[in-house]
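# Inside the fold
Here is what each chain is made of, one letter per residue.
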Amino acid sequence: MDLEARSLQPNVKDVLLAKLREYKSDLNNLKSEHKRLASANSNQAARDDLLESGMADAMSVSANQRGRLMMSTERLNESSDRIKESRRTMLETEELGVSILQDLHQQRQSLLHANDTLHGVDDNISKSKKILTNMSRRMSRNKWIISSIIVVLVVAIALILYFKLSK
């Protein structure tokens, strides 16, 4: 998940990496609290066993131990709930990241397709420009040829009229 977050755009990446660090630190804190509670419970139980041998009232010690055990169990359950909630949030964040990556992939594909289409249109425009240039040259050449033919015909008609009228 860390690698996926690092491959995103900088503005999204910073937010996701900050959340990921926060979730990791929460998870580490909960783990250390769980270990502390577990070791405190075992140390407390050993201490109580030693002190119990010297105490006369076994019933009050048992009730006291039961109360502490209930509190420890409650704390452990709360810690487990927080860990589950953190895990659920982490999974939601991961799903969101995957969704964003898929959207970005689709957008990239669309941009690549648009780029290919643009290059195709550019090629067609270049071909059209060449064809129009050739057509313009031919039209200009045909104008010169027709103009030359008209001039030759006018000169020929003028010469014919000149010779016909001068006789």
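Residues numbered from 1 in each chain as written. Predicted model: local features only at pLDDT ≥ 70, side-chain atom pairs only at ≥ 80, totals over all residues. Heavy atoms only, no water.

## Overview of the overall build of the protein
The number of helices and strands found in the protein is three helices and zero strands. Going from N to C terminus, the protein has its helices and strands arranged as α-α-α. By the burial criterion, 10% of the 167 residues in the protein qualify as buried. Long-range pairs, those at least 24 residues apart, make up 61% of the contacts in the protein between residues at least 6 apart in sequence. (Helix = DSSP H or I, 4+ residues; strand = E, 2+ residues; numbered from the N terminus. Buried < 20%, exposed > 50% of the residue type's maximum accessible area, 1.4 Å probe, protein only. Contact = heavy atoms within 4.5 Å.)

## Thoughts on a nonpolar patch on the surface
Among the surface-exposed residues, Val151, Val155, Leu159, Tyr162 and Phe163 lie close enough to one another that they form a single nonpolar patch of about 520 Å² accessible area. By the element assignment, phenylalanine 163 lies in helix 3 (residues 58–166). On the accessibility criterion, phenylalanine 163 (52% relative accessible area) is exposed. (Patch = residues over 30% accessible without salt bridge, like charges linked within 9 Å, V, L, I, M, F, W, Y side chains within 5 Å. Areas by Shrake-Rupley, 256 points an atom, 1.4 Å probe, with all protein chains shown as cover. Salt bridge = Lys/Arg side-chain N within 4 Å of Asp/Glu carboxyl O.)

## Concerning the environment of leucine 30
Secondary-structure assignment places leucine 30 in helix 2 (residues 10–54). Sequence-distant contacts of leucine 30, defined by excluding residues within four places in its chain, comprise Ser79, Arg82, Ile83 and Ser86.

## Side note on the pattern of salt bridges
Summed over all chains, the structure comprises three salt bridges. Here arginine 88 ties to glutamate 85 by a salt bridge, and the two come within 2.3 Å at their closest N and O atoms. In this pair, arginine 88 and glutamate 85 are both assigned in helix 3, three residues apart and thus about one turn of the helix distant. The class for arginine 88 is partly exposed, based on a relative accessible area of 38%. Its relative accessible area of 38% is what places glutamate 85 among the partly exposed residues. Three or more residues are tied together by salt bridges with common partners; here these are Glu85, Arg88 and Glu92.

## As for the confidence of the model for the protein
Overall, the prediction assigns the protein a mean pLDDT of 85, with 84% of residues at 70 or greater. By mean pLDDT, helix 1 (residues 2–6) is the weakest element of the protein at 66, and helix 3 is the strongest at 92. (pLDDT = per-residue confidence, 0-100.)

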